[in-house]
Amino acid sequence: MTGGDASDALTIACRLAEKAVRVGTVYLHCIDKLQAATLQERLWSFRPDAFIPHELASEREPRESVIIGHQEPPESFHDILINLADETPAMFARFERLLEIVPAEHSFREASRKKWRFYQDRGYPLKKHDIDP
């Protein structure tokens, strides 16, 4: 999914998580700990009338259906992966569905093209959606 800048990507991730949690567990895969913390804050405030129960990934078994992290997700999560990182996560294949968020900024495009080719070369069905932040 493409659109907006890096900050908009977090809002788009929130919107996707809000919809995705209705059908299963959601793992929001971030670049690093700082982005994970920023995304957690955004989930609290991206819409005044929305609440998405979530938690940061930790050593204990998750209590919520939406987890935010930057490393390996909990074993019990296998439904939907929302990737905000600039590389293909090693564990992507264990998920039923993968959503890649591609900010419109040129600096993010090359990494996104590499990921697209990676999935395409392996025969995964791909769909592109342009969305407004």
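Up top is the structure these notes are about.
Let me begin by describing the structure that accompanies this report. Since the structure is predicted, the reported quantities are computational estimates derived from the model, not experimental observations.

**Things to note about the pattern of salt bridges**
Item 1. The tally for this structure, following the rule as stated, stands at eight salt bridges.
Item 2. Between Arg 47 and Glu 18 there is a salt bridge, with its nearest N and O atoms 2.9 Å apart. Linking Arg 47 in the loop between α2 (33-45) and β2 (55-56) with Glu 18 in helix α1 (residues 6-20), this pair joins segments that are 29 residues apart in sequence.
Item 3. Among the residues examined, Arg 47 registers a relative accessible area of 33% and is labelled partly exposed.
Item 4. Classification of Glu 18 by relative accessible area gives buried; the value is 15%.
Item 5. Ionic pairing is found between Asp 49 and Arg 47, a salt bridge with its closest N-O pair at 2.7 Å.
Item 6. Assessed through its relative accessible area of 62%, Asp 49 is described here as exposed.

**Some thoughts on helix α3 (residues 106-121)**
Item 1. For α3, spanning 16 residues, the distance from its first C-alpha to its last is 23 Å, which sits close to the expected 22 Å at 1.5 Å a residue.
Item 2. When α3 is considered as a whole, its buried residues turn out to be Ser 112, Lys 115 and Tyr 119.
Item 3. Taken together, the buried residues of α3 touch β4 (80-83) and β5 (97-100).
Item 4. The positive-phi residue at the C-terminal boundary of α3 is Gly 123, with phi of around 85°.

**Here's the deal with the pairing of strand β3 (residues 66-69)**
Item 1. The alternating pattern of β3 places Val 66 and Ile 68 on one face and Ile 67 and Gly 69 on the opposite face, and all of these are buried.
Item 2. Taken together, the four bridges between strand β1 (residues 26-29) and β3 define a ladder with parallel strand orientation. Counterpart to His 29 in the pairing with β3 is Gly 69.
Item 3. Across two bridges, the pairing between β2 and β3 is parallel. Within β3, the position partnered with Leu 56 by the bridge is Ile 68.

**Examining a nonpolar patch on the surface**
Item 1. A surface patch of nonpolar side chains, amounting to about 260 Å² of accessible area, comprises Trp 116, Tyr 124 and Leu 126.
Item 2. Within the secondary structure, Trp 116 is located in helix α3.
Item 3. On the accessibility criterion, Trp 116 (34% relative accessible area) is partly exposed.

**With respect to the sheet that holds β3**
Strands belonging to one sheet form pairs held by backbone hydrogen bonds; the direction of such a pair is parallel or antiparallel.
Item 1. Within the open sheet, the five strands sit side by side as β2-β3-β1-β4-β5. Their pairing is parallel. On the outer flanks of this sheet lie β2 and β5, each paired with one strand and no other.
Item 2. Of the strands in this sheet, β1, β2 and β3 touch α2, which is tilted by about 145° from β3.

Conventions adopted
Residues numbered from 1 in each chain as written. Predicted model: local features only at pLDDT ≥ 70, side-chain atom pairs only at ≥ 80, totals over all residues. Heavy atoms only, no water. Salt bridge = Lys/Arg side-chain N within 4 Å of Asp/Glu carboxyl O. Helix = DSSP H or I, 4+ residues; strand = E, 2+ residues; numbered from the N terminus. Buried < 20%, exposed > 50% of the residue type's maximum accessible area, 1.4 Å probe, protein only. Expected span 1.5 Å × (residues − 1). Contact = heavy atoms within 4.5 Å. Pairing = 2+ DSSP bridges. Patch = residues over 30% accessible without salt bridge, like charges linked within 9 Å, V, L, I, M, F, W, Y side chains within 5 Å. Areas by Shrake-Rupley, 256 points an atom, 1.4 Å probe, with all protein chains shown as cover. Axes fitted to C-alpha atoms, helices over the stretch in contact; angles between N-to-C directions.

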